[in-house]
Every structure is written in structure tokens, then in C-alpha cells.
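# Geometric and topological summary
Single-letter residue listing:
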Amino acid sequence: TVFDVSAGRDFYGPDGPYECFAGRECGVALAKMSFDEAHLDDIAGCKTLNFGEKNELDGWIEKFTYFRCYPVLGKLIPADKIPSSDRIVSKEEIAKNDGLGEIPEGYATPPIYIGAGSKVFDVSFGGVTFYGKDCSYNRFAGKNASR
């Protein structure tokens, strides 16, 4: 889960005690209560945590979500799971990804695709507040918005 910890600048900003975590994947480091560089940016490592480490990480996620109320921005997807940039996306596939379908692994919400010109944008990460259900630009979700 990616959190916007901007409100915790004193903790995660320059000279803060957790500044090494800012802008990094730090799930393993938090689970192991470690500042070791080897535990940062280890997306796959979150799947191999032991029971106690998973509980510790769940505690951090609960703290960030309910006590510090940091906004959730999305989830990280490992580079090997990101589709090729030269992939051809059909009109039907764009329509299917309108933010109302199933949530695939690695996503925080159902995918939302927007076509514009000759490009297709996956706005599922960071765009939900604009293109999600009942949001201002939802009418463009799953459509080619080109004129």
C-alpha cells in the first residue's frame, strides 16, 4: 500500500527519524523494525515475511490508515508485472476497464483506462479521486476521451 505521508513531514522529511523510508517501498523494513538498506525497495520480500513480521507490518498499515489518517494512493506493482509500453489496447479492453470490475492482484481498485489520442492511460493509481465511481471525470473512465 502506498501512503501519502506528507502530513508526517517531521517523521519522513529531511532529518526526520524515518526519512530513509520516504519515496521507498519499506514494507519489509517496517515489518522487521529495521533501517537496513537491504530491506528497502524489496517488494517481493513482503510475500515471505513470517507470522510475527506480517503482524508487525499489518500494525503499521493500521496505524497509517486509522490513527495517522495518511491517504492511500495505491499499491506498488513489481516491474515484471507492468505491461509493455508498446502493447496494443483494444477499444473493448478500454471499455472493460471502467473502474467497476474486479480488483486484480497489485491494484487497490478496479483498473480505470482512459484513451486520449493514440495513447491509453491507466489512471487507477492516483486518478481514482477524479475518474472513480461518482467522481467528476468518471464519464471518461473506460472510454476514448479524444475528440
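Residue positions are counted from 1 within each chain, in the order its sequence is given. Only residues with pLDDT of at least 70 get local features here, since the model is predicted, and only at 80 or more are side-chain atom pairs given and counted; chain-wide, interface and lining totals rely on the full set of residues. Each side-chain value is derived from all of the structure's non-hydrogen atoms; neither hydrogens nor water enter the calculation.

### Details of the sheet that holds strand β4 (residues 119–122)
Selection rule: For two strands to be treated as a pair, DSSP must find at least two bridges joining them. Numbering goes from the N terminus for both helices and strands, where a helix is a DSSP run of H or I of at least four residues and a strand is a run of E of at least two.
Spatially, the three strands line up as an open sheet ordered β4-β3-β5, and their pairing is mixed. Edge positions in the open sheet fall to β4 and β5 (143–144), since each of these has one partner strand only. Relative to β4, strand β3 (residues 113–116) runs antiparallel, the two being bridged by four bridges. From the neighbouring strand, Gly115 faces β4, where its bridge partner is Val120.

### Concerning the pairing of β3
Between the antiparallel neighbours β3 and β4 lie two residues, among them Gly117 with a positive phi of about 65°. Relative to β5, β3 runs parallel, the two being bridged by two bridges. Counterpart to Ile114 in the pairing with β5 is Lys143.

### Examining the nonpolar core
Our working definition: Among the buried residues, those of types Ala, Val, Leu, Ile, Met, Phe, Trp, Tyr and Cys that are joined through side-chain atoms within 4.5 Å form a nonpolar core. Only protein chains enter the accessibility calculation, which uses a 1.4 Å probe; a residue whose area is less than 20% of its type maximum is buried, one above 50% is exposed, and one in between is partly exposed. We call two residues in contact whenever any of their non-hydrogen atoms come within 4.5 Å of each other.
Phe21, Cys26, Leu30, Phe64 and Tyr70 are the most contacted members of the largest nonpolar core, which has 15 residues in total. Listing elements by their share of this core, those giving two or more residues are α2 (27–31) and α3 (51–67). Counting residues per element, this core draws most heavily on α2, at four residues. For Phe21, the residues in contact, after removing those within four places along its chain, are Cys26, Ala29, Leu30, Ser34, Phe35 and Leu40.

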